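Structural characterization, general
Listed below are the residues making up each chain.
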Amino acid sequence: MTLHPKISRCADPQLVNDWHSVADMATLATKRIHQTRLLGVPVRLEVHTNRQPTAQRMDLGIAIDSVEKYGFLWLCLGTPQRPPPEIPEARETDRHCVTGGSIALNVSGLRTVENFLDMGHFPFIHTDWLGVEPHTEVPPYKVEITAENEVLATECTFFQPVASPTAKGGFMVEYVYRILRPYTVCLYKSNPVQTSRMDSIYLFVQPVDEENCVAHPFLCYLKDGIDAPTVRWFMQLIFAQDKPILENQLPKRLPLDPRAETPIRADASSICYRRWLRDQNISYGAIPSAI
Amino acid sequence: MNEAAQRIWHPIASSTDLPFRHTYHGQLLGREFAVWRADDGYVNVWENRCLHRGVRLSIGINDGTELKCQYHGWRYANRTAGCTYIPAHPADAPARTICNQTYPAIERYGLIWSAEAPVGELAYIEVLSGSAVFPLRGIAVNAPAKLVMQKLVTYQFQPSGQIKGQTATSQLLSSSDDSCHLAATDGAHSTTAVFFVQPVDAGRSVIRGVLAETPADDLKRPVLYHHNQLLTALREQVEQEFSTLPQPAPFAPVIAPPSAPTLPDIDFDSPSPRGRSAPLRVQVSKKWMTALDIAAFDLVSITGQLPTYQPGAHIDVHMPNGLIRQYSLTNGPGETDKYTIAVKREAASGGGSLCMHGQVREGDVLAISEPRNNFPLRRDAIQTVFVAGGIGITPLLAMSRTLHHSGLPQTLHYFTQSRDHIAFPEILGTMAATVQHHLNLSPEETAGQLRGILESYKPAMHLYVCGPGPMLEATRKIADDLGWPEPAVHFEYFKNTNEIDDSSQFEINLARSAMTLQVAAGKTILETLRENGIELPSSCEQGACGTCVVDILEGEPEHHDVFLSDGEKQSGKRLMTCVSRAKSNRLVLDI
Ligand SMILES: [Fe+2]
């Protein structure tokens, strides 16, 4: 099997030895062979009669580690150094914790993570849902790298005409963004009914190769006033709006050189994310920085 | 590898690819372009990336004056490709360095021509010198330009006058690497055609043919059909041949990083030229009396493209008599071929207005500064109210035209002495529904009107005021009384009429340059800095325009300007170095 010349194998040990979500288990029929790619490597998946998955690297013909978690199939190409991300709210019984419909994107997964952090595009891309002109201002917010080595953006606020499927009318919504791993990001958003609690959306991004990814959303919404199909429908609507924009980004990989693009104050979280990637030498899906 | 080819002009689109407010995706030697025609006819050929996050501008929105990126709504001006607005930060004027890469464009023979780094002019083609040339449809071919050219020189076609015939002979008149001239003759009929090959990428091209003569009306469609059919057959032949050859790798054009501010300078502080420089030379292309006692001037550049401006921006004009005066640009969005200013004749002035009225004539050359914007316009208001008094219309006209073009809710209240005093009536007439004239009112009547205009403040409304000092004061006072919060009230004074007591002396500490200087009585901070070799950008130098602002890190300022709002003055965080002084013995400044 030959690889496209632009698509190299992954040389970042942190990524090779980590878990990546590669499929919504519900889409994998029992006793069928499925194929996907992870970090440029073709992978064969099989779900057995007891719903236990197995996986194989097709390039080397060897079995690799697989596990089911949060309704997704997770793989590790190398030697796992830690379990998949821990999500405490997934155990709360008053939440719908559902997979949100996986979506393939012809762009680096790092660009997809960065887009997920970005409030500035809401009025333009998610018009009438997550934002609406003329309410375009991104108020200042805080960004830090935590003791757990995660990127955390807090006190993020943005005006939304429809904050969620249950919300009526526009109001300022509060968000917290958290980047757990290079290809894993989540947001917490104030719940319109139980205002002291937050809904959460996790995005497990599968780096298919450097310029292709599959975004696997995992949603933990409070059940109050909303059903699971509506939660999924809203997520799919939002992602369908992002896809054509993301696929028109040039270059497709994320440049880590701070001079390559033009960040503004509203991009503080993305600036921090790019720097954090650079500082831990993540190169897969990125254009490394010369400085 | 393509350097030689990059110097040559190539067609990148057909004129018909640029219909009204469309954006076209062009490509040459692997380089993508966003190609769009503004309403004034200008054809823009730009790097196909928004500077912010690299989204293709060919999927952007052409509003006739600016190109708006889909992703975050950044706006780029016609001609300059400079960024004019960043919606995420509506209160800030974008730094002038945020400017996209532009490429030259020439429209000729029904084609749009460009090049990455052209050397010389686009040569005129003798056989196409008539006015009746007839461009054919472009034919995209999945094969390298060289291979296409090899086939094209043998292209056989019928002359337009004998389009149904089959006995024409074609003759190659001349050929080069990228074009060939052919003549087809059938009996008494003959047609000359020139074919250009646009190298799109290593393995992709477009054939663009132009006939020297436009066929008779009833023959246009048969002629187009004839060439479409034959060129399609030629394309299939070339593609067949190419498929048996080794496939070249696509060209990889270098994406140059923008010259924008680098981290951590991600704020909007525009690195303005130091001091009071006037690097631009402009010619007065038109001077006219736009109202009683108000002369208007169109200024066109004689030193290259005029820089990008935003509504609210002003320029310094250096006059023949040595004076320097500030004038607001009145231009609407994308009007980048000229700056238009207006000057009121003030008999009592220091001579600036008299010089502009009396001495400066059409054809004269003036030195001007680059535009500076200390009066930026928010475009995120649910309703914008403009209050203009007399010549104070100038910055507000630019603002109002901008909102009008985008269809944003606004009203422009224009207070003048009489109909004859209304400046730019022809422009105001085009947006009559947004303009309310208030004629010949006493100060009391004006105040009454203003109370009516400002009576129902709601959040996300914004007020912009410019006019004579007393009227401006009255407007600010009424807005305050009626509950307008200070950040919603934006104003610009023509001049500072405050009496400035400059008898104090104090010390300034420059935090970044690690210097300590003494400001003597009778000297300003700005002058003291200048004498010690530190050139801050400045413009009016009388505390009105806001150009020479600096941040205060320590110490208590004594404000003498009319630029800062009362709240800003109380907070003591910034001061105007041209007039303001210190109450404390020492100021620590962020310079
Ligand atoms: Fe989005």
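All right, on to the overall build of chain B then. On a plain count of helices and strands, chain B comes out with ten helices and 35 strands. The principal-axis extents of the C-alpha atoms in chain B amount to approximately 95 × 55 × 45 Å. Each of the 591 residues in chain B was classed as buried or not, and the buried ones make up 54%. In chain B, the share of contacts with a sequence separation of at least 24, taken over all contacts with a separation of at least 6, comes to 65%. When the accessible surface of chain B is split by element, carbon and sulfur atoms take 50% of a total near 24,800 Å². With 50 positive and 62 negative side-chain charges, chain B shows a separation of 3 Å between the mean positions of the two kinds.

With that settled, consider the sheet that holds strand 20 (residues 314-318) of chain B. All names here are of chain B. Judged by pairing direction, the sheet is antiparallel, and its six strands sit side by side in the order 21-20-23-18-19-22 without closing on themselves. Edge positions in the open sheet fall to strand 21 (324-328) and strand 22 (339-344), since each of these has one partner strand only. Taking the axes of each pair of neighbouring strands and ignoring which way they run, one obtains an average angle of 40° across the sheet. Each of strand 18 (280-291), strand 19 (294-301), strand 20, strand 21, strand 22 and strand 23 (365-368) is contacted by helix 4 (residues 352-359), which is oriented at about 115° to strand 22, the strand it contacts most.

What follows deals with the interface of chain A and chain B. Tallying the contact residues gives 35 residues for chain A and 37 residues for chain B. Here chain A packs against chain B, burying approximately 3,100 Å² in sum over the two surfaces, 57% of which is carbon and sulfur. Looking only at chain A, the three residues that lose the most surface to chain B are Leu250, Thr262 and Arg265 of chain A, adding up to 22% of its buried area. On the surface where chain A and chain B come into contact, there are six salt bridges.

With that out of the way, let us pick up the state of the cysteines. Within this structure, the stated rule accounts for zero disulfides over all chains. Note on Cys76 of chain A: no disulfide assigned, nearest cysteine sulfur contributed by Cys10 of chain A at a separation of 11 Å. A disulfide-free cysteine, Cys466 of chain B has its sulfur positioned 13 Å from the sulfur of Cys545 of chain B, the nearest such atom.

Here we come to the side chain of Arg49 of chain B. Mapped onto the elements, Arg49 of chain B comes out in the loop between strand 4 (43-47) and strand 5 (61-62). Classification of Arg49 of chain B as buried rests on a relative accessible area of 5%. Once residues within four sequence positions are removed from consideration, Arg49 of chain B is found in contact with Leu250, Pro251, Ala260 and Glu261 of chain A together with Gly54, Val55, Leu57, Asn100 and Ile255 of chain B.

Time to look at the coordination of the iron ion. Residue and element names in this part refer to chain A. Around the iron ion, the donor atoms from the protein are His121 (NE2), His126 (NE2), Asp242 (OD) and Asp242 (OD), and they sit 2.0 to 2.5 Å away. Classification of the site at the iron ion rests on its four donor atoms, whose angles at the metal span 56 to 155°, yielding the label irregular. Positions of the donor residues of the iron ion, expressed as sequence spacing, correspond to H-x4-H-x115-D.

Attention shifts here to the domain arrangement of chain A. Residue and element names in this part refer to chain A. Per the domain assignment, the segments making up chain A are domain 1 (13-76) and domain 2 (88-287). The straight-line distance from the C-alpha centre of domain 1 to that of domain 2 is 25 Å. Each partner contributes to the interface: domain 1 provides 17 residues, whereas domain 2 provides 19 residues. Each partner contributes to the roughly 1,500 Å² buried at the junction of domain 1 and domain 2, and carbon and sulfur atoms together form 59% of this total. Linking domain 1 with domain 2 are two salt bridges, by the criterion used here. Remark: the boundary between domain 1 and domain 2 carries twelve residue pairs in polar contact (both at pLDDT 80 or more).

All names here are of chain A. A complete count under the given rule lists nine cavities of 30 Å³ or more for this structure. Its volume calculated, the largest cavity comes out at about 200 Å³. Forming the boundary of the largest cavity are 17 residues, of which Phe116, Phe122, Leu130, Leu187 and Ile238 lie nearest the centre. If you list the elements that add at least two residues to the lining of the largest cavity, you get helix 2 (109-116), strand 11 (171-181), strand 12 (184-190) and helix 4 (228-246). The biggest single contributor to the lining of the largest cavity is helix 4, with five residues. Taken together, the residues of the lining of the largest cavity break down into twelve nonpolar, three polar and two charged. If you add up the space inside the second largest cavity, you get close to 70 Å³.

A separate point is the sheet that holds strand 6 (residues 66-68) of chain B. In a beta sheet, neighbouring strands pair by backbone hydrogen bonds and run either parallel or antiparallel. Residues and elements named next belong to chain B. On the basis of which strands lie adjacent, the open sheet formed by four strands has the order 5-6-7-8 and antiparallel pairing. Of all strands in the sheet, those with a lone pairing partner are strand 5 and strand 8 (83-85), marking the two edges. As paired strands, strand 6 and strand 7 (residues 75-77) are joined by three bridges and run antiparallel to one another. If you follow Glu66 over to strand 7, its bridge partner there is Ala77.

Turning next to helix 3 (residues 217-243) of chain B. All names here are of chain B. Here helix 3 is 27 residues long and its end C-alpha atoms lie 39 Å apart, about the 39 Å a rise of 1.5 Å per residue gives. Among the residues making up helix 3, those that are buried are Val223, Leu224, His226, His227, Leu231, Leu234, Val238 and Phe242. On its buried face, helix 3 is in contact with strand 12 (134-135), strand 13 (139-141), helix 2 (145-152), strand 16 (189-201) and strand 17 (204-211).

A separate point is the packing of helix 2 of chain B against helix 3 of chain B. Residue and element names in this part refer to chain B. Packing of helix 2 against helix 3 leaves a shortest axis separation of 10 Å and a crossing angle of 130°. Considered as vectors, helix 2 and helix 3 are oriented oblique to each other. Our pair here, helix 2 against helix 3, has a crossing hand that is right-handed. Residues Leu147, Val148, Lys151 and Leu152 of helix 2 form the contact with helix 3, whose own contacting residues are Leu231, Leu234, Gln237, Val238, Glu241 and Phe242. The residue inventory of the contact of helix 2 with helix 3, partitioned by class, reads seven nonpolar, one polar and two charged.

Moving on, we come to the nonpolar core. Val43, Leu75, Met119, Tyr175, Tyr177 and Tyr273 of chain A are the most contacted members of the largest nonpolar core, which totals 89 residues. Broken down by element, this core gets its largest block of residues, eight residues, from helix 4 of chain A. Apart from the residues lying within four places of it in its own chain, the contact partners of Met119 of chain A are Val138, Tyr141, Cys156, Thr157, Phe158, Tyr175 and Tyr177 of chain A. In terms of nonpolar packing, the next biggest core, distinct from the first, is built from 27 residues, Leu136, Val141, Ala143 and Ala184 of chain B among them.

For the rest of this paragraph, the subject is the packing of aromatic side chains. In total, this model carries 29 aromatic pairs over all chains according to the counting rule given. Seen in terms of ring centroids, Phe122 of chain A and Phe158 of chain A are 5.6 Å apart; in terms of plane orientation they differ by 85°. Their pairing is edge-to-face. A residue pair is termed long-range when its members are at least 10 positions apart, and Phe122 of chain A in helix 3 (residues 122-125) and Phe158 of chain A in strand 10 (residues 151-160) qualify at 36 residues. Classification of Phe122 of chain A as buried rests on a relative accessible area of 5%. Classification of Phe158 of chain A by relative accessible area gives buried; the value is 0%. Three or more aromatic residues link up through ring pairs in this structure, and these residues are Tyr70, Phe72, Trp74, Tyr188, Tyr202, Phe204 and Phe218 of chain A. Its guanidinium or amino end placed over the ring of Tyr124 of chain B, Arg108 of chain B lies 3.6 Å from that ring's centre, counting from NZ or CZ.

Cut-off values and rules
Residues numbered from 1 in each chain as written. Chains lettered and ligands numbered in written order. Predicted model: local features only at pLDDT ≥ 70, side-chain atom pairs only at ≥ 80, totals over all residues. Heavy atoms only, no water. Helix = DSSP H or I, 4+ residues; strand = E, 2+ residues; numbered from the N terminus. Buried < 20%, exposed > 50% of the residue type's maximum accessible area, 1.4 Å probe, protein only. Contact = heavy atoms within 4.5 Å. Areas by Shrake-Rupley, 256 points an atom, 1.4 Å probe, with all protein chains shown as cover. Lys, Arg positive; Asp, Glu negative; His and termini not counted. Charge placed at Lys NZ, Arg CZ, Asp CG, Glu CD. Pairing = 2+ DSSP bridges. Axes fitted to C-alpha atoms, helices over the stretch in contact; angles between N-to-C directions. Buried area = accessible area lost by both parts, 1.4 Å probe. Salt bridge = Lys/Arg side-chain N within 4 Å of Asp/Glu carboxyl O. Disulfide = S-S within 2.5 Å. Donors = N, O, S within 2.8 Å, 3.2 Å for Na, K, Ca; no water. Tetrahedral: all angles 85-135°; square planar, octahedral: opposite > 155°, others 65-115°. Domains from an automatic or database assignment. Polar contact = N/O pair within 3.5 Å; in protein donor to acceptor, adjacent residues only side chain to side chain. 1 Å grid on protein atoms, 1.4 Å probe; cavity = no way out; pocket = protein on both sides within 12 Å on 5 of 7 lines; lining within 4 Å. Points joined across faces, edges and corners; volume = space filled by probe spheres on them. Nonpolar A, V, L, I, M, F, W, Y, C, P; charged D, E, K, R; others polar. Expected span 1.5 Å × (residues − 1). Parallel < 35°, antiparallel > 145°, perpendicular 65-115°, else oblique. Left-handed = near helix turned anticlockwise from the far one by under 90°. Core = buried A, V, L, I, M, F, W, Y, C linked by side-chain atoms within 4.5 Å. Phe/Tyr/Trp six-rings, centres within 6.5 Å; stacked < 30°, edge-to-face > 60°. Lys NZ or Arg CZ within 6 Å of the ring centre and 35° of its normal.

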